[in-house]
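Below, each chain spelled out in residue letters.
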Amino acid sequence: MRAHKLVTVCEEAGCPNVGECWNQGHATMMIMGEVCTRACTFCNIATGKPPEDLDVFEPGRIADVVKKLGLKHVVVTSVDRDDIEDGGAAHFAQTIRAIRKQSPNTTIEILTPDFIRCAPAALEEVVAAKPDVFNHNLETVPGLYAEVRPGARYFHSLRLLQRVKELDPTMFTKSGIMVGLGETDGEVGQLMDDLRSADVDFMTIGQYLQPTPKHAVVDRFVEPAIFAQFANIGAGKGFL
């Protein structure tokens, strides 16, 4: 990562599991810089006006690293870049194509912004690049959006996932949320129904951990038994 001047969300977000994951050869690359134009209260990534334009050589460097490490599966995410007309959609597409060219057998998962300020063509360009999994996280239940995800809209994100399936019914879609921000188990169940109504294939649920004292406080620590219940409920609703 250092030699190729790449950024990982593992480091930028202050993830406490970075040692465990990196020891197993797992990492999630983050494109389009280290500064996000949003200020979500759960996230430790730096926010503000990004100091630089997109690095046109970044997709190629990521492809080089994927090949060098012999990755069977790669996850590519990004900061939000509301300062760019297409939100970085073309950069995502270029990164997918670059990886595919050098490592045709590697499966590619992308975790994208919501492209809320972009024309519909932005999303279409990303889908046309044919990632294997299109992931966009809802992050939390709709009642907490104003507090947790200012600048985002729950039903816009839900519609984005639905639109991916309309554009390419063969593409796997995925979304994730954190629990422990103030939601109820009932609200999690309703969110699952919303995702299934949008034909989303995969869902992840994780415990929210407070990165610093200035971030949103942890409302509860969810017991493993509750996570097991979520898994059973999700399977019953049809998630893969």
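Please refer to the structure placed before this passage.
Parameters and conventions
- Residues numbered from 1 in each chain as written.
- Predicted model: local features only at pLDDT ≥ 70, side-chain atom pairs only at ≥ 80, totals over all residues.
- Heavy atoms only, no water.
- Disulfide = S-S within 2.5 Å.
- Helix = DSSP H or I, 4+ residues; strand = E, 2+ residues; numbered from the N terminus.
- Contact = heavy atoms within 4.5 Å.
- Core = buried A, V, L, I, M, F, W, Y, C linked by side-chain atoms within 4.5 Å.
- Buried < 20%, exposed > 50% of the residue type's maximum accessible area, 1.4 Å probe, protein only.
- Phe/Tyr/Trp six-rings, centres within 6.5 Å; stacked < 30°, edge-to-face > 60°.
- Lys NZ or Arg CZ within 6 Å of the ring centre and 35° of its normal.

(A) Structural context of the state of the cysteines. One pass over the full model with this rule turns up zero disulfides. The thiol of C40 is not disulfide-bonded; the next cysteine sulfur, from C36, is found 6.5 Å away.

(B) Representation of the environment of P211 in the model. Residue position: P211 is located in the loop between β9 (202-207) and α9 (224-237). In this structure P211 touches F42 and N44, once residues within four positions along its chain are discounted.

(C) Expanded view of the nonpolar core. M29, V74, F92, I99, I110, V126 and F134 are the most contacted members of the largest nonpolar core, which has 35 residues in total. Looking at this core, the elements that each hand over two or more residues are β2 (28-31), α3 (58-69), β5 (73-78), α4 (89-102), β6 (107-111), α5 (120-128) and α7 (154-167). Examining the composition of this core, we find that six residues originate from one element, α4, more than from any other. Filtering out sequence-adjacent residues up to four positions away, V126 remains in contact with A89, F92, I96, I110, F115, P131 and F134. By size, the runner-up hydrophobic cluster in this structure holds 28 residues, among which are L138, L144, V148 and Y154.

(D) Inspection of the packing of aromatic side chains at higher detail. Applying the stated criterion across every chain, the model contains four aromatic pairs. Ring geometry for Y145 against Y154: centres 5.6 Å apart, planes inclined by 90 degrees, an arrangement best described as edge-to-face. You can call Y145 buried: its relative accessible area is 5%. Lying over the aromatic face of F239, R196 brings its terminal NZ or CZ to 5.6 Å of the ring centre.

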